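Descriptive analysis of the structure
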Amino acid sequence: MNPIVKCFCRIYQGVFHLALPLLPYREPELYSSIEDIKDLLKKLNVRSVLLVSDTALKENRKPLEELLRDQGIHYALYDKTCANPTVWNVEEARELYLKENCEALIAFGGGSSMDCAKGVGARIAYPNKSLDRLKGLLRVLKKIPPLIAIPTTAGTGSEVTITAVITDSEKKHKYTMNSFTLIPSHAILDPKVTYSLPPHLTATTGMDALTHAVEAYIGNSTSKQTRRCSLEAVHLIFKNIEKAYTKGDDYEARKKMLHASYIAGIAFSKSYVGYIHAIAHSLGGQYNIPHGLANAVLMPYVLKDYGISAHKKLHELGIAAGVASENDSHEQGANKFIMAIENLNQKMNIPTKFEGILEEDIPVMARYASKEANPLYPVPKLMNAKELEKFYYMVSIGGKNEH
C-alpha cells in the first residue's frame, strides 16, 4: 500500500479510536426465554408486529407464534429472508410492515433475519431514501421502530451490533450499514431455540463468532472492555463449540455459545473487524457463499499472512483458548492458535477451499473488500486491493497458490 494512503488510514482509525468513549454505543435489554415476549410487548404497549424470519424456521417459530396469538398480538409474518438478505427482501418486508400497520419488529433467526429487520427499520425511518443511500457509516440517524432480536444461531452477534449487511443481487455486491440506531432495543437469548440448528450451521456460525472475537482483538482500536470480551468469547467458543456441534440439545453448551456470540458482538461493534470479514462479504455478494462459512475458511489464511504484526495478540488468544502456553514465544503461540483453528474446522467438516471462484471476478471482489475495509478497519497490517487478491486464490480450488 502507498505510504501516504497508509498514513491516512492510520490517522482515520486513530480518530475513531479516540472518539470511542464518546460514541453512543448501547446494549439491548436482555431476556433469557421467549416466554418473556409476553411481558416485553406489554411493556412496549405494542399490539401489532412484523415477524421477520425464514422458511427453514417454520417449526422453530411455532412456540413464539402461539405466544403472540395467546396475548392477542397481531403479527404479520415475513419468512422469505435469504441466507444473504437482499434489497428485495428488505423492501418486500417493509411493504408488509406498512400494510399491516405494525408498530415493532421481531427478528427470529440468524444474522440474516436480524439484518433484514434492521434494513426494514432503516427504511421505515427513512421512507424516501433507498438502502443504497443508507449504507456506510452513521447514515441512519433517526430512531427505528422497536426491534426485538431472537437469535437462533450463536454466531453473528447481530442482536448487539450496529451493523446490517445487505446484498445488492443485481450488482452482486454486499454492503454494510453501520449506525447506532440499528442496535436492537431488546434481545432474547434462549438456548432452546438453537437446539434444532443443524451441525454444519452450528459450526460455521460458531466460527463466525470466533472471527469477530479474533479480529476485534488483533486490531489497533481495542479497549479494556473489548479485549476482555474477545478473550472470554474465544475461551468459551473453544470450550463449547464441539459440544454444541456433536450434541445439539446440550443446554449449557448452547447457552455459553450464545453468550460468546453476544460478547464477541460487543467487541467487534466497538473495535471493528478486518480483512477476513471484508473478503468474506465480497465472496458472499458474488457467489452467495454463507458468511460464517466464508469467515471460517478464510481465517487461517489471513491470520498467517499478518505475520509478526499479529503474533503477540494471537499468542494471547491462544492462551485464552487453552491451546498455547505463556512459555511459548509469540510466534509459537500464534502458530499454535492458528493450527487449533484449522483443527476445529477439520473436526467440524468445514472445507479449506471453495469451488467456482472465477479468476476474472477476483479484481472486482478485491476492490469491494478494500473499499469496505480501508480506511475504517484497524487491521494489524494494511493491504490494498491488489494485495488482497492473493487471498481469493488461496481459498480457490485450482488457485495460483496450488500451481
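Read on for an overview of the structure. (Residues numbered from 1 in each chain as written. Predicted model: local features only at pLDDT ≥ 70, side-chain atom pairs only at ≥ 80, totals over all residues. Heavy atoms only, no water.)

1. Remarks on the packing of aromatic side chains
This model, assessed by the stated rule, comprises 5 aromatic pairs. Ring geometry for Phe 16 and Tyr 272: centres 6.4 Å apart, planes at 85 degrees, overall edge-to-face. In this pair, Phe 16 is assigned in helix H1 (residues 3-19) and Tyr 272 in the loop between helix H9 (251-271) and helix H10 (275-287), connecting sequence segments 256 residues apart. By relative accessible area, Phe 16 is classed as buried at 19%. On the basis of relative accessible area, Tyr 272 is assigned to the buried category, the value being 10%. These aromatic residues form a ring-pair network of at least three members: Phe 8, Tyr 12, Phe 16 and Tyr 272. Over the ring of Tyr 175 we find Lys 135; its NZ or CZ atom is 5.2 Å from the centre of that ring. Positioned over the ring face of Tyr 126 is Lys 142, at 5.0 Å from the centre of the ring. (Phe/Tyr/Trp six-rings, centres within 6.5 Å; stacked < 30°, edge-to-face > 60°. Helix = DSSP H or I, 4+ residues; strand = E, 2+ residues; numbered from the N terminus. Buried < 20%, exposed > 50% of the residue type's maximum accessible area, 1.4 Å probe, protein only. Lys NZ or Arg CZ within 6 Å of the ring centre and 35° of its normal.)

2. Overview of the layout of surface pockets
By volume, the second largest pocket amounts to about 480 Å³. In terms of lining residues, the second largest pocket is bounded by 20 residues, among which Lys 135, Gly 136, Thr 176, Lys 371 and Glu 372 are the most central. When residues of the lining of the second largest pocket are traced back to their parent elements, those giving at least two are strand S5 (136-137), strand S8 (173-178) and helix H14 (362-373). Ranked by the residues each element gives to the lining of the second largest pocket, the list is headed by S8, at 5 residues. Along the lines of polarity and charge, the residues of the lining of the second largest pocket split into 7 nonpolar, 5 polar and 8 charged. (1 Å grid on protein atoms, 1.4 Å probe; cavity = no way out; pocket = protein on both sides within 12 Å on 5 of 7 lines; lining within 4 Å. Points joined across faces, edges and corners; volume = space filled by probe spheres on them. Nonpolar A, V, L, I, M, F, W, Y, C, P; charged D, E, K, R; others polar.)

3. Brief notes about H1
Between its first and last C-alpha atoms H1 spans 24 Å; for 17 residues at 1.5 Å apiece the expected length is 24 Å, and the two agree. As for H1, its buried residues are in contact with S5. (Expected span 1.5 Å × (residues − 1). Contact = heavy atoms within 4.5 Å.)

4. Topic: unusual backbone geometry
The bulk of non-glycine residues show a negative phi, and the bulk of peptide bonds are trans. With an omega dihedral of 15 degrees, the bond running from Asn 374 to Pro 375 counts as a cis peptide bond. Mapped onto the elements, Pro 375 comes out in the loop between H14 and helix H15 (385-394). Located in the positive-phi region is Asn 288, a residue other than glycine, with phi close to 60 degrees. The residue Asn 288 is located in the loop between H10 and helix H11 (291-306) in this model.

5. Brief notes about the side chain of Arg 254
Secondary-structure assignment places Arg 254 in helix H9. Nearest to the buried, unbridged Arg 254 among oppositely charged side chains is Asp 249, at 7.6 Å. When residues no more than four places from it in sequence are discounted, the contact partners of Arg 254 are Pro 191, Thr 194, Tyr 195, Leu 197, Thr 202, Ala 244 and Gly 248. (Lys, Arg positive; Asp, Glu negative; His and termini not counted. Salt bridge = Lys/Arg side-chain N within 4 Å of Asp/Glu carboxyl O.)

6. Focus: the packing of helix H8 (residues 224-246) against H9
The description of two packed helices rests on the angle between their axes and on the distance between the axes. At a closest axis distance of 8 Å, the pairing of H8 and H9 adopts a crossing angle of 150 degrees. Judged on the interaxial angle alone, H9 and H8 are roughly antiparallel. Remark: the crossing between H8 and H9 carries left-handed chirality. Of the residues in H9, those touching H8 at Gln 225, Thr 226, Cys 229, Ser 230, Glu 232, Ala 233, Leu 236, Ile 237, Asn 240, Ile 241, Lys 243 and Ala 244 are Ala 253, Arg 254, Lys 256, Met 257, His 259, Ala 260, Ile 263, Ala 264, Ile 266, Ala 267, Lys 270 and Ser 271. (Axes fitted to C-alpha atoms, helices over the stretch in contact; angles between N-to-C directions. Parallel < 35°, antiparallel > 145°, perpendicular 65-115°, else oblique. Left-handed = near helix turned anticlockwise from the far one by under 90°.)

7. Regarding a positive patch on the surface
A cluster of like positive charges, contributed by Lys 239, Lys 243, Lys 255 and Lys 256, occupies part of the molecular surface. By the element assignment, Lys 243 lies in helix H8. (Patch = residues over 30% accessible without salt bridge, like charges linked within 9 Å, V, L, I, M, F, W, Y side chains within 5 Å. Areas by Shrake-Rupley, 256 points an atom, 1.4 Å probe, with all protein chains shown as cover. Charge placed at Lys NZ, Arg CZ, Asp CG, Glu CD.)

8. Comments concerning the pairing of strand S2 (residues 48-52)
The element S2 is largely enclosed, with a buried count of 5 among its 5 residues. Assessed by its sense of winding, the connection that carries the chain from S2 through helix H3 (residues 58-70) to strand S3 (residues 74-78) is right-handed. Pairing geometry for S2 and strand S4 (residues 104-109), over 4 bridges, is parallel. Pairing of Val 52 across the sheet is with Ala 107, part of S4. (Right-handed = clockwise from strand over helix to strand, strands pointing away. Pairing = 2+ DSSP bridges.)

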